[in-house]
Amino acid sequence: MDARSSTTSRIKSRGEVHREAREQAREALGAIARNAHERLAHADDSARAADKIHEMAPETSDYVIDQRRWLHAHPELGYKEFASTEHICAELDALGIPYTRPRETGVVATIRGTAPDAYDKDGKPRRRLMMRADIDALPVTEQTGEPFQSLNPGCMHACGHDCHGAMLLGAARMLTKLTDELHGEIRLVFQPAEEGGNGSKSMIECGVLDGVDGVWGQHIWSDVPAGKISCEAGPRMAATDWWRIDVTGRGAHGAMPNQGADAVLAGAAIVQSLQAIVARNMSPFEPAVVTVGQFHGGTARNVMAGTAWMEGTVRTFHEAAHKRIPQLMERMAQDTAAAYGCTATLQYEVAHSTVVNTPEASELAARAATEVLGTDALVTYQGSMPGEDFSEYLKRKPGVFVFLGSGTADKSGKVWPQHSPKYDPDESVFIRGTMLAAQYAHDFLAQ
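Nothing here was measured: the structure is a model prediction, and the numbers come from that model.

Caption draft 1: Seen up close, the packing of aromatic side chains. The full count for this structure, using the stated rule, is seven aromatic pairs. A network of ring pairs unites the aromatic residues Trp221, Tyr381, Phe390, Tyr393, Phe401 and Phe403 as a single cluster. Looking at Arg127, its charged tip hangs above the ring of Phe444, at a distance of 4.0 Å from the centre. Here the basic side chain of Arg244 rests over the ring of Trp309, its NZ or CZ set 4.3 Å away from the ring centre.

This is the structure in structure tokens:
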């Protein structure tokens, strides 16, 4: 090939490259236009759904309050939610929502969308959202004085799980009237044993995450202003660990301490040294809590204790701290005990991980809140150190865990926190959580 032919060939190649670039640019612009059109269509669909949800809100609010009061009056501890389960099943029957009971307590229900594209030819949903409400109570004696207060002595819905169950039933009631606009399937999970029982893991073992594209959870929360929504991305609730330290010394007569090694004295020193883990070994920008909840030792007032033990919990937001703290605890316990002539052993149990919202789901929740509750619905909240086993779902699937504010003062001006025997959230906020749940479900399936 001569030089001229070679040049012509190169020119043609460049021309082809330019044409390809122009075609790619046109395709990109077309994709942008299509995406913009889809966003506008989605916005219109979302607005229409919000209008319908608003129409249903007054009647649904009464329903949710009634459901919450029934659940509140009949609290049950983890894995013993028999009456609660039966009640939820009866409500699902009344709503015409099919369900299964994969274990003795807890319910899994299904709402099938009937939009033209909700399912493919093989019956697979276009998208599937799992929505969870926990339904267990706490071993707390209620002191609210409400006419619907606990009928089960020593047991109370002091964390708001009665509200969660009622709001999910309310959202389900709304969604059954929106099925023509649901582009997929919603799986409702009424979960047992969130309070220390790892009920989420038991439900995961039953297959509640199979075929799921995203997860939704919600917690009524006294630290957030009443009726406001916090759904920021990132860590929201802490990883939860449990621990026990056993201290072994040498028992002796209380009048002759030089003949023994005092396990109570060594244990007391360990309690103090553990507080140095957060104060002197962790970054101030790395939230962590080490709490000693129990301390026991000795058998008689005139006997120097040969053994003692303590138990507590650790809460962390970040994985590095989650891994480091047990190592520091073991070192401090052993070294401190040795200084008093004793030995110490640490037992450490990882209960569940940090609740971490994914950015896309958090953004969708924020848009849904603004759409159905108004532009002032959202507030910023830093998150909380208590744990939540919803983290087990979020470890496996993308999703969001929302705080619904219930921070309303009582007549004395006191805002009672979760787990208080006087915890009594403002019932007027329940419909806001219900509306948000229904809107989020619609918008998630429409994506």
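From this point, things continue past the structure.
Caption draft 2: Representation of the environment of Gly145. Inspection of the secondary structure assignment puts Gly145 in the loop between β3 (128-134) and α3 (161-175). Distance from Gly145 to Tyr393, taken between C-alpha atoms, is 36 Å for residues 248 residues apart in sequence.

Caption draft 3: Local environment of the nonpolar core. Grouped together as the largest cluster of nonpolar side chains are 65 residues, with contacts concentrated most on Met131, Ile186, Leu188, Phe190, Trp216 and Tyr440. At 10 residues, the largest contribution of residues to this core is made by helix α9 (residues 430-446). Once residues within four sequence positions are removed from consideration, Tyr440 is found in contact with Leu129, Trp216, Ala361, Leu364, Ala365, Ala368 and Val400. Of all hydrophobic cores here, the second largest spans 25 residues; its members include Trp243, Val290, Ile325 and Ala333.

Caption draft 4: Spotlight on the pairing of strand β15 (residues 399-407). The buried count for β15 comes to eight of nine residues, which makes it a mostly enclosed element. With eight bridges connecting them, strand β5 (residues 214-225) and β15 associate as parallel partners. What sits directly across from His219, in β15, is Phe403. Here strand β6 (residues 229-230) pairs with β15 via two bridges, running antiparallel. By the bridge assignment for β15, Ser230 is matched with Phe403.

Caption draft 5: Main features of the sheet that holds β15. One open sheet holds the seven strands; their spatial order is β1-β2-β4-β3-β5-β15-β6, and the pairing between them is mixed. Edge positions in the sheet fall to β1 (99-100) and β6, since each of these pairs with one other strand and no more. Sitting on the sheet, α3 is in contact with β2 (107-112), β3, β4 (185-191), β5 and β15, with an inclination near 145 degrees to β3. In the packing of helix α7 (residues 359-373) onto the sheet, the strands contacted are β6 and β15, and the crossing angle to β15 comes to about 45 degrees.

Caption draft 6: View of α9. Spanning 17 residues, α9 covers 25 Å between terminal C-alpha atoms, matching the ideal 24 Å at 1.5 Å per step. Taking burial as the measure, the 17 residues of α9 include 16 buried ones, the bulk of the element.

Caption draft 7: Seen up close, the side chain of Asp246. For Asp246, the location among the structural elements is in strand β7 (residues 234-248). In terms of polar contacts, Asp246 uses its side chain to reach the side chain of Arg244, at 2.9 Å.

Procedures and definitions
Residues take numbers from 1 onward in each chain, read along the sequence in its written order. Reporting of local features is limited, given that this is a predicted model, to residues whose pLDDT is at least 70; pairs of side-chain atoms are given and counted only at 80 or more, and all residues count toward the totals for whole chains, interfaces and linings. Excluding hydrogens and water, the side-chain values take into account all heavy atoms of the structure. Note on aromatic pairs: the rings of Phe, Tyr and Trp (six-membered ring only in Trp) are paired at centre separations within 6.5 Å, and the planes decide the class, stacked below 30 degrees, edge-to-face beyond 60, tilted for the rest. Geometrically, a lysine NZ or arginine CZ counts as sitting over a ring once it is within 6 Å of the ring centre and also within 35 degrees of the ring normal. Counting from the N terminus, the helices are the DSSP runs of H or I reaching at least four residues and the strands are the DSSP runs of E reaching at least two. Residues grouped as a nonpolar core are buried Ala, Val, Leu, Ile, Met, Phe, Trp, Tyr and Cys residues, joined through side-chain atoms within 4.5 Å. For the exposure calls, accessible area comes from a 1.4 Å probe over protein chains only, and a residue counts as buried if that area is under 20% of its type's maximum, exposed if over 50%, partly exposed in between. Contacts are residue-level and defined by heavy atoms, with any inter-residue pair within 4.5 Å sufficient. Note on pairing: DSSP must find at least two bridges between two strands before they are called paired. Axis definition: a line fitted to C-alpha atoms, over the contacting stretch in the case of helices. Angles run 0 to 180 degrees between N-to-C directions. To estimate how far a helix should extend, the number of its residues minus one is multiplied by 1.5 Å. Pairs of N or O atoms within 3.5 Å make up the polar contacts considered here, provided that, within protein, one atom can donate a hydrogen while the other can accept it, and that residues adjacent in sequence are counted only when both atoms are side-chain atoms.

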